[in-house]
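The primary structure of each chain is shown beneath.
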Amino acid sequence: MYDLHDIVEMKKPHPCGTNRWEIVRMGMDIRIKCLGCGHLILLPRREFEKKMKKMLEKATTEDNTK
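Each value, and the rule that gives it
Residues numbered from 1 in each chain as written. Predicted model: local features only at pLDDT ≥ 70, side-chain atom pairs only at ≥ 80, totals over all residues. Heavy atoms only, no water. Helix = DSSP H or I, 4+ residues; strand = E, 2+ residues; numbered from the N terminus. Polar contact = N/O pair within 3.5 Å; in protein donor to acceptor, adjacent residues only side chain to side chain. Contact = heavy atoms within 4.5 Å. Buried < 20%, exposed > 50% of the residue type's maximum accessible area, 1.4 Å probe, protein only. Core = buried A, V, L, I, M, F, W, Y, C linked by side-chain atoms within 4.5 Å.

Trainee: Would you explain the side chain of Glu9 in this entry?
Mentor: Mapped onto the elements of the fold, Glu9 is located in strand 1 (residues 7-10). Within the structure, Glu9 has its side chain in polar contact with the side chain of Asn19 (distance 3.5 Å). Setting aside anything within four residues of it in sequence, one finds Glu9 in contact with Asn19, Met52, Lys53, Lys54 and Leu56.

Written as structure tokens, this is what we have:
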């Protein structure tokens, strides 16, 4: 469904006005980075799945090798 370095849209926008987030860490918790201001947020996987609205961009295979 989603993977590392994918770009997702959350249900509520960030206070900076952007609603695009990059997944930068996956595990029991998921860390996402705001693409507007660079703010990092760590969410439990279950909470992330509830708050995620949709997938915007799938990561390319080059990005997954980082």
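Trainee: What should I look at first to understand unusual backbone geometry in this one?
Mentor: Trans peptide bonds make up most of the peptide bonds, and negative phi angles are found at most residues other than glycine. One non-glycine residue with positive phi stands out, namely His5, at about 70°. Of the residues examined, His5 reaches a relative accessible area of 17% and is grouped as buried.

Trainee: Is there a simple way to explain the nonpolar core in this structure?
Mentor: The nonpolar side chains of a soluble globular protein tend to be buried with one another. Counting 11 residues, the largest nonpolar core consists of Tyr2, Val8, Met10, Trp21, Ile23, Ile30, Ile32, Cys34, Leu43, Phe48 and Met52. Broken down by secondary-structure element, the contributors of at least two residues to this core are strand 1, strand 2 (20-25) and strand 3 (29-34). When residues in this core are grouped by element, the largest group, three residues, is from strand 3. Non-local contacts of Tyr2, meaning those with residues more than four positions away in its chain, are made with Ile23, Met26, Ile30, Arg45, Phe48, Glu49, Met52, Met55 and Lys58.

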